[in-house]
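Structural description and commentary
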Amino acid sequence: MADPASTPRAWHTQPNTRPLSGALRIPGDKSVSHRAVMFAALAHGTSHVKGFLEAEDTRATARVMQQLGVDISTPAYGERVIHGVGLNGLHASELPLDCGNSGTAMRLLSGVLSGQAFASTLIGDDSLSTRPMQRVAQPLREMGADIQLSATGTSPIQIRPVQQLRGIRYEAQVASAQVKSALLLAGLYAEGETEVIEVAPTRDYTETMLAAMGAEIAFKPGYARIRGGVPLKATNVDVPGDFSSAAFSLVAALLVPGSHVRLQAVGMHPRRTGLLDVLRMMGAKIEVVPVSGGGECCDIEIHASPLHGIDVPEVHVPDMIDEFPILFVAAACAKGITRVRGAAELRVKESDRIAKMAEGLRTLGIRVDETADGADIHGGTLHAGVVHSGGDHRIAMAFAIAGLVASAPLKICDVANVETSYPGFASAMASLGADIASA
Ligand code: S3P
């Protein structure tokens, strides 16, 4: 949990009177950090993770693995050493396993725990306790797992041991890396092969990391197949910077006139960077510069650019699923109308992100016409106001950026949850010249 004494509850922003400038190192990728500690715990041998995201969500995953009997140490900030116990070396926890705010932790752990010889209960905070879990429970039951949810299909998730899981071929109805990953992880414990066919390709970090650890796994965009019973071996992981965290300073640099900013060593996984394509279609000047020896990491160089509204191609939606709050802000500052469709998943994220963004932008004087699966955002001028994040980290950060280009001060309430993905966000923005004050 965040320290309530040092965590701000609200931010006050001022219209930025000078351009943003300088370079910023972006914290470690959340998706990769979760997977690195979770999978290394199931491997044989010792794995060293560098660039681990020091945030509430990823620390929750590390804490759960420790509760399950795994020795994890922290030699330095942003590093973890995990002494893997092998696929069958976890131990039961008497207490429920608390995933905090993290859907990734809860859904991926559902897969892992379905294959154990002991019972477990997964719980989460108020937001996570309202999010849909049937999407993982139903296919895991098809694999033979014994999983109980609440009457409304949410956590607590109660998992009891079964004799043996069996591999299935599953055609997923929602584009979700979390659902795919839960099934592949359960597939490690299943008899035969587990196949997942996706409606649209999603991030493949689970597949690439399990392959690096020696799993028998085949995959291509939209498809993955794993064989059960194959042990994993320890592997060191260098976590790239999180594109989803970079997205906030990226859009800020586009919107604050005269800005020129460089974001360093950001992971450029193609299933994560849909926002870049969409912003470029809107007129953004963004350059991606490879970092020598940096693998998929690149620096991103941004020059402030006038933006215009577009119809966001639906094909980009899964590749920018976490970036819609900040896209809505870019759209509010663009000339004309930006149309988003095919994004109903936004309604079941940490908050109903379509409703929360529409509500906040309307408060600031922007016209937003909501639909079931998106919105039309009419570009205009952002005025003064008080907006509420609904306890959603990405809504809070999106409105902080809006505050830099509004015509008058904003107050953003309920910002403590930024600790789940980007501790230090306000000071990182301050280093570029942004004025976001804590209250
Ligand atoms: C994630 C997948 C996405 C994303 C989430 C992290 C992951 O969720 O929104 O922030 O690490 O697999 P879905 O797979 O449910 O779309």
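Definitions and limits used
- Residues numbered from 1 in each chain as written.
- Predicted model: local features only at pLDDT ≥ 70, side-chain atom pairs only at ≥ 80, totals over all residues.
- Heavy atoms only, no water.
- Pairing = 2+ DSSP bridges.
- Helix = DSSP H or I, 4+ residues; strand = E, 2+ residues; numbered from the N terminus.
- Axes fitted to C-alpha atoms, helices over the stretch in contact; angles between N-to-C directions.
- Buried < 20%, exposed > 50% of the residue type's maximum accessible area, 1.4 Å probe, protein only.
- Contact = heavy atoms within 4.5 Å.

Our next topic: the sheet that holds strand 19 (residues 285-290). One open sheet accounts for 4 strands, arranged 2-18-20-19; its pairing is mixed. In this open sheet, the two strands that pair with only one neighbour each are strand 2 (21-25) and strand 19. In this sheet, adjacent strand axes meet at a mean angle of 20° when their direction is disregarded. The pairing of strand 2 with strand 18 (residues 260-267) spans 5 bridges and is parallel. Each bridged residue has a counterpart across the sheet, and for A23 the counterpart in strand 18 is R262.

The next subject is unusual backbone geometry. Of note, the amide linkage connecting S155 to P156 takes the cis form, showing an omega dihedral of 5°. Mapped onto the secondary structure, P156 falls in the loop between strand 8 (146-148) and strand 9 (157-160). Even without glycine at this site, A265 takes up a positive phi of about 50°. On the secondary structure map, A265 appears in strand 18. What makes A265 buried here is its relative accessible area of 14%.

Read across the sheet, 4 strands follow the order 11-13-15-14 without closing on themselves; strand pairing throughout is mixed. The sheet is open, and its two edges are formed by strand 11 (169-171) and strand 14 (217-220), each paired on a single side. Shown here is a sheet whose adjacent strand axes are inclined to one another by a mean of 10°, direction ignored. In the sheet, strand 13 (residues 193-197) pairs with strand 15 (residues 223-227) via 5 bridges, with the strands oriented antiparallel. Its bridge partner being in strand 15, E193 is matched across the sheet by R227. Against the sheet, helix 6 (residues 205-212) touches strand 14 and strand 15, its axis set at about 145° to strand 14.

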